[in-house]
Each structure stands twice: as C-alpha cells, then as structure tokens.
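Notes for the structure review
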Amino acid sequence: MLPLRPFFLLLTLVALSIAPSHSQQRNYNHDGGLWGEAKRAASTIATPVEKAVQERYDTLSDRGKFVAGAAFGFGASRFAVSTTVNTVKTVGAAYIA
C-alpha cells in the first residue's frame, strides 16, 4: 500500500501549478443577458427602499440603532436557524426513506 501523504502533497502541487495565478485571471463581465436584466430589475426595486431605510436609520439615536440592529440580528438568526433545521430534517427524511 502506498503512503498517502506524498501522494496528496504531489496532488496539491500539481493542482496549484495548474490553477491560474491571480494576475493571470481574466475579468469577465457577467452583467449581460438574463442575469443582467434581473440585476437591473432588482436594483430599481431595492435602491429606493434602501435609501428610505438608510434615511430612517440615520435619524435614530444610538440606543435606537442598537435596538434596530439587535432586532434585525435576532430575526436574521431565527431565519437562518429555522431554514437550516428544516433542510436537515428534509435531508434526513429523504435519507431514511
């Protein structure tokens, strides 16, 4: 049986030598086609809402900003945790079935 450490070291060296360095990468524009249309549509909807929320947030006191951040963080964490739990339950049920 071959030792695995030299094999993985060789594999890593080959993978790093094949991958282009950061200076060799090309800059591709992904704003065309359907994706570009979706980004523009989302931007036209989100920009006025973002400005209104930013103006309202700027008028809050320090305590108000703290409470707003805590409430948003709590809501975001509840959303993330519930989504993760439901995903794990679904995958577990699919695995068992």
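The coordinates are above.
These numbers were taken from a predicted model, which means no experiment stands behind them.

1. A look at the overall build of the protein
A tally of helices and strands in the protein yields three helices and zero strands. Each helix and strand of the protein, ordered N terminal to C terminal, gives the series α-α-α. Classification of the 97 residues of the protein by burial places 1% in the buried group. Summed over all atoms, the accessible surface of the protein reaches about 9,300 Å², with 68% contributed by carbon and sulfur.

2. Things to note about a nonpolar patch on the surface
Taken together, Phe7, Phe8 and Leu11 make up a surface patch of nonpolar side chains, about 310 Å² in accessible area. On the secondary structure map, phenylalanine 7 appears in helix α1 (residues 4-18).

3. Digging into the pattern of salt bridges
Following the criterion strictly, the structure yields one salt bridge and no others. A salt bridge links arginine 40 to glutamate 37, with the nearest nitrogen and oxygen atoms 2.9 Å apart. With arginine 40 and glutamate 37 both in helix α2 (residues 33-58), this residue pair falls three residues apart, about one helical turn. On the accessibility criterion, arginine 40 (44% relative accessible area) is partly exposed.

Thresholds, definitions, all that
Residues numbered from 1 in each chain as written. Predicted model: local features only at pLDDT ≥ 70, side-chain atom pairs only at ≥ 80, totals over all residues. Heavy atoms only, no water. Helix = DSSP H or I, 4+ residues; strand = E, 2+ residues; numbered from the N terminus. Buried < 20%, exposed > 50% of the residue type's maximum accessible area, 1.4 Å probe, protein only. Areas by Shrake-Rupley, 256 points an atom, 1.4 Å probe, with all protein chains shown as cover. Patch = residues over 30% accessible without salt bridge, like charges linked within 9 Å, V, L, I, M, F, W, Y side chains within 5 Å. Salt bridge = Lys/Arg side-chain N within 4 Å of Asp/Glu carboxyl O.

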